[in-house]
Amino acid sequence: MRIVNLKLKKHPYDIIIGRGILPRLGNLLKKIDIGAHAYIITNPTVKKHCAEKLQSILSSSGFSTKIKTIPDTEKSKSLETATAILKDIAKYDKRKRIFIVAFGGGVIGDVSGFVASIYKRGVSYIQIPTTLLAQVDSSIGGKTAVDLSEGKNLIGAFYHPRLVLSEISFLKTLNLRQLRSGLAEVIKYAAIKDGELFIYLEKKYRAILECRYAAMEFIIERCSRIKAEIVAKDEREEKGIRTILNFGHTIGHAIEAASQYESYNHGEAIALGMLVETEISKKLGLISSAKAARIEKLISAAGLPTIIKGCSFKSIIQAHHRDKKFLGKKNRFVLLTDIGRAKVVLNVPIPIIYVALNGRIKIPSSR
Ligand code: NAD
Ligand code: GLY
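Now for a description of the structure that goes with this document. Quantities reported herein were computed from a predicted structural model and do not represent experimental measurements. (Residues numbered from 1 in each chain as written. Chains lettered and ligands numbered in written order. Predicted model: local features only at pLDDT ≥ 70, side-chain atom pairs only at ≥ 80, totals over all residues. Heavy atoms only, no water.)

Things to note about the overall build of the chain
Consideration 1: Assigned secondary structure in the chain consists of 13 helices and 11 strands.
Consideration 2: At 20 Å, the chain has a C-alpha radius of gyration in line with the 21 Å of a compact globule built from 367 residues.
Consideration 3: Seen through its principal axes, the chain has C-alpha atoms that stretch 60 × 40 × 40 Å.
Consideration 4: Out of the 367 residues belonging to the chain, those deemed buried represent 57%.
Consideration 5: Counting only carbon and sulfur atoms, one obtains 51% of the accessible surface of the chain, whose full area is about 15700 Å².
Consideration 6: Of the charged side chains in the chain, 60 are positive and 33 negative, and the gap between their average positions amounts to 1 Å. (Helix = DSSP H or I, 4+ residues; strand = E, 2+ residues; numbered from the N terminus. Rg over C-alpha atoms; globule rule 2.2 N^0.38 Å. Buried < 20%, exposed > 50% of the residue type's maximum accessible area, 1.4 Å probe, protein only. Areas by Shrake-Rupley, 256 points an atom, 1.4 Å probe, with all protein chains shown as cover. Lys, Arg positive; Asp, Glu negative; His and termini not counted. Charge placed at Lys NZ, Arg CZ, Asp CG, Glu CD.)

Okay, here's the thing in C-alpha cells:
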C-alpha cells in the first residue's frame with residue numbers, strides 16, 4: 001500500500017493506493033470521523049462490477065449505505081443530474097450525519113464532488129475512483145464540475161474530498177479503450193513534469209495496457225504524487241502552477257465539445273490535444289522536432305488517436321473560443337519546452353494554432 005498526502009494548509013488528505021486495500025476503508029473513515037451514513041453515487045456499470053464488495057465492507061464496519069445510480073455517460077455531468085441527486089439526498093438525509101462516496105470514473109467523481117460542495121453548503125465526501133483516469137487524475141485535487149451545452153466544466157467548485165482510495169483491483173474490468181484513455185493522462189504528467197516517467201512509459205506501455213499490477217501501482221503513485229505536489233503549491237489555479245496540468249486540454253476540451261462528447265472519450269481527446277499543442281510548441285521553437293516525434297510515437301504506440309475525425313476545424317475553433325481557459329481575449333496554452341517541462345504561454349499567434357490543428361484533421365480545412 002502506498003500513501004500520498006495532499007498537503008493543503010486547511011484540509012490535507014491522504015490518497016491511498018494499492019491492491020486489496022478496500023477492506024481497510026471502514027477504519028480509514030473512522031479515523032477521519034466522517035459520519036455514519038454513506039450515500040454512494042455510482043452508475044450501473046460500476047455497480048455491477050464493484051458495488052457489492054463496497055457495500056458489504058461498509059456495512060460490516062458499521063456504516064449504513066444507500067446507493068444512487070445515474071446514467072453511464074458524460075451527459076450525466078449536468079445540472080439536471082445534480083438536481084436529481086440532491087433531491088434524493090434530501091429525502092434520505094433525515095437527521096443523519098451523511099457523507100458522499102463518489103464511486104466510479106471521472107464523470108461520477110466530478111458530479112458527486114459538485115453535489116457534495118453545494119448540498120447544505122458543503123458536506124464531506126470521499127473519492128473511490130474506479131478508472132485509471134480517475135485514479136491518476138480526476139479524483140485528486142478537488143476540481144468538481146458539471147457541463148453546460150455552452151462548454152465543458154463551466155459550473156463547478158474547488159471542493160476537496162476527505163480521502164481518496166485507489167483500489168487497483170477495480171481496474172481489472174476496464175476495457176482496453178478505457179485503459180488507453182487513462183494512459184493519455186499519464187503521458188500528460190510525464191510530458192509536463194517527469195522525463196523519467198516518460199522513458200518508463202516508452203518501455204512499459206504494454207504492461208499498463210495489460211493492467212499489470214506493478215506497472216499500475218508505479219504509475220498511479222507517481223502521478224498522484226505529481227498532482228498532489230502541484231495542487232499543494234497552487235490549490236485554486238491562481239499562480240500558473242496548476243495550469244500546466246491542462247496540457248492538451250485547451251484543444252482537447254474543444255474536440256470533446258465539437259464532437260458532442262460522442263466520438264472521443266476524455267483521454268482520446270486529450271491525446272489529440274497534446275499532439276496539436278506539441279506541434280504549436282515546435283512551431284514556436286520551444287521544443288525540438290525529435291522530442292515532439294517521441295511524444296507522437298508514444299501516443300500512437302498506446303493506441304490513442306493521432307488524427308481528428310468526425311468534427312470540423314470550424315466547430316473545434318468555435319468550441320475553443322468558448323473555453324474558460326481564455327483570459328479575456330487572450331488565448332492561453334500550456335506548451336512544452338522539453339519532455340518533462342512545460343510553461344504557460346499567452347496569446348499564441350492564431351495562424352500557428354490553425355496550422356497545427358489543421359495538420360491533425362482528416363480532411364483539413366482549405367479556409
Ligand atoms: P467515465 O467516468 O465516463 O468512465 C469511463 C467508463 O468506464 C464508463 O463507462 C464507466 O462506467 C466505466 N467504468 C468505470 N469504472 C469501471 C470499472 N472498474 N470497470 C469497468 N468499467 C468501468 O470516464 P473517465 O475517463 O473516468 O473520466 C472522464 C471525466 O473525468 C471527464 O468528464 C473529464 O472532464 C473528467 N476529468 C476531471 C478531472 C478533474 O480534475 N476533476 C481531471 C480529468 C478528467
Ligand atoms: N485536471 C486538471 C487539474 O486538476 O487541475
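Some details on the site of ligand 2
Consideration 1: Near ligand 2 you find Asp137, Lys143, Lys227, Arg242, Leu245 and Asn246, and these make up its full shell.
Consideration 2: Within the side chain of Lys227, an N or O atom sits 2.7 Å from an oxygen atom of ligand 2.
Consideration 3: A distance of 2.8 Å separates an oxygen atom of ligand 2 from a polar side-chain atom of Arg242.
Consideration 4: Here the residues of the shell around ligand 2 sort into 1 nonpolar, 1 polar and 4 charged. (Near = heavy atom within 4 Å. Polar contact = N/O pair within 3.5 Å; in protein donor to acceptor, adjacent residues only side chain to side chain. Nonpolar A, V, L, I, M, F, W, Y, C, P; charged D, E, K, R; others polar.)

As for the nonpolar core
Consideration 1: In this structure, Ile187, Leu197, Leu201, Met216 and Ile219 are the most contacted members of the largest nonpolar core, which totals 56 residues.
Consideration 2: Residues contacting Ile219, with those up to four places away along its chain left out, are Leu132, Val136, Val186, Leu197, Tyr200, Leu201 and Ile208. (Core = buried A, V, L, I, M, F, W, Y, C linked by side-chain atoms within 4.5 Å. Contact = heavy atoms within 4.5 Å.)

Quick notes on helix α6 (residues 176-193)
Consideration 1: Counted at 1.5 Å a residue, the expected span for α6 with its 18 residues is 26 Å, and the 26 Å between its end C-alpha atoms agrees.
Consideration 2: Judged by how many residues are buried, α6 sits mostly within the fold: 13 of 18 residues are covered.
Consideration 3: Sitting at the head of α6, Asn175 places a side-chain oxygen 3.2 Å from the backbone nitrogen of Arg177. (Expected span 1.5 Å × (residues − 1).)

Here we look at a nonpolar patch on the surface
Consideration 1: A surface patch of nonpolar side chains, amounting to about 200 Å² of accessible area, comprises Leu79, Leu148 and Leu154.
Consideration 2: Within the secondary structure, Leu154 sits in strand β8 (residues 151-158). (Patch = residues over 30% accessible without salt bridge, like charges linked within 9 Å, V, L, I, M, F, W, Y side chains within 5 Å. Salt bridge = Lys/Arg side-chain N within 4 Å of Asp/Glu carboxyl O.)

Section: the packing of aromatic side chains
Consideration 1: In this structure the tally under the stated criterion is 6 aromatic pairs.
Consideration 2: Ring geometry for Tyr39 versus Tyr92: centroids 5.8 Å apart, planes at 45°, classification tilted. Of this pair, Tyr39 sits in strand β3 (residues 37-42) while Tyr92 sits in helix α3 (residues 79-92), and the two are 53 residues apart along the sequence.
Consideration 3: Looking at Tyr39, the relative accessible area reads 0%, which means it is buried.
Consideration 4: Measuring from ring centre to ring centre gives 4.2 Å for Tyr200 and Phe218, while their planes differ by 40°; the resulting arrangement is tilted. Placement of the pair is Tyr200 in helix α7 (residues 195-209) and Phe218 in helix α8 (residues 213-233), with a sequence separation of 18 residues.
Consideration 5: A residue is classified by how much of its surface remains accessible, and Tyr200, at 19% relative accessible area, is buried.
Consideration 6: Under the relative-accessibility criterion, Phe218 is labelled partly exposed at 28%.
Consideration 7: Sitting over the face of the ring of Tyr92, Lys96 holds its NZ or CZ atom 4.2 Å from the ring centroid. (Phe/Tyr/Trp six-rings, centres within 6.5 Å; stacked < 30°, edge-to-face > 60°. Lys NZ or Arg CZ within 6 Å of the ring centre and 35° of its normal.)

As for the environment of Ala90
Consideration 1: Its place among the elements puts Ala90 in helix α3.
Consideration 2: As a C-alpha pair, Ala90 and Lys120 span 30 residues in sequence and 9.5 Å in three-dimensional space.

Description of the pattern of salt bridges
Consideration 1: Counted according to the given criterion, the structure contains 25 salt bridges.
Consideration 2: Between Arg2 and Glu221 there is a salt bridge, and its shortest N-O distance comes to 2.3 Å. Of this pair, Arg2 sits in strand β1 (residues 2-6) while Glu221 is found in helix α8, placing the two residues 219 residues apart along the sequence.
Consideration 3: Judged by its relative accessible area of 32%, Arg2 falls in the partly exposed class.

Details of the site of ligand 1
Consideration 1: In the region of ligand 1, 25 residues are neighbours, and Glu74, Thr130, Thr131, Lys152 and Thr173 sit closest.
Consideration 2: Note that a nitrogen atom of ligand 1 is positioned 2.9 Å from one of the side-chain N or O atoms of Asp110.
Consideration 3: One nitrogen or oxygen atom from the side chain of Thr130 is found 2.7 Å from a nitrogen atom belonging to ligand 1.
Consideration 4: When ligand 1 is considered free in solution it has 870 Å² of accessible area, and contact with the protein chains removes 89% of it.
Consideration 5: Those elements giving two or more residues to the shell around ligand 1 turn out to be α2 (44-60), α4 (106-118), α5 (132-138) and α6.
Consideration 6: Class assignment for the residues of the shell around ligand 1 results in 5 nonpolar, 11 polar and 9 charged.

What to know about the packing of α3 against α4
Consideration 1: The geometry of α3 relative to α4 is characterised by a closest axis approach of 10 Å and an angle of 55° between their N-to-C directions. With respect to each other, α3 and α4 are oriented oblique. In this structure, α3 meets α4 at a crossing whose hand is right-handed. Across the interface between the two elements, Leu79, Ala82, Ile85, Leu86 and Ile89 of α3 pack against Val111, Phe114, Val115 and Ile118 of α4.
Consideration 2: Partitioning the contact of α3 with α4 into residue classes produces 9 nonpolar, no polar and no charged. (Axes fitted to C-alpha atoms, helices over the stretch in contact; angles between N-to-C directions. Parallel < 35°, antiparallel > 145°, perpendicular 65-115°, else oblique. Left-handed = near helix turned anticlockwise from the far one by under 90°.)

A word on the side chain of Asp147
Consideration 1: Tracing the backbone through its elements, the reader meets Asp147 in strand β7 (residues 143-148).
Consideration 2: At a separation of 2.9 Å, a polar atom in the side chain of Asp147 contacts the main-chain amide nitrogen of Asn153.
Consideration 3: Setting aside its immediate chain neighbours within four residues, Asp147 contacts Glu74, Lys77, Ser78, Lys152, Asn153 and Tyr261.

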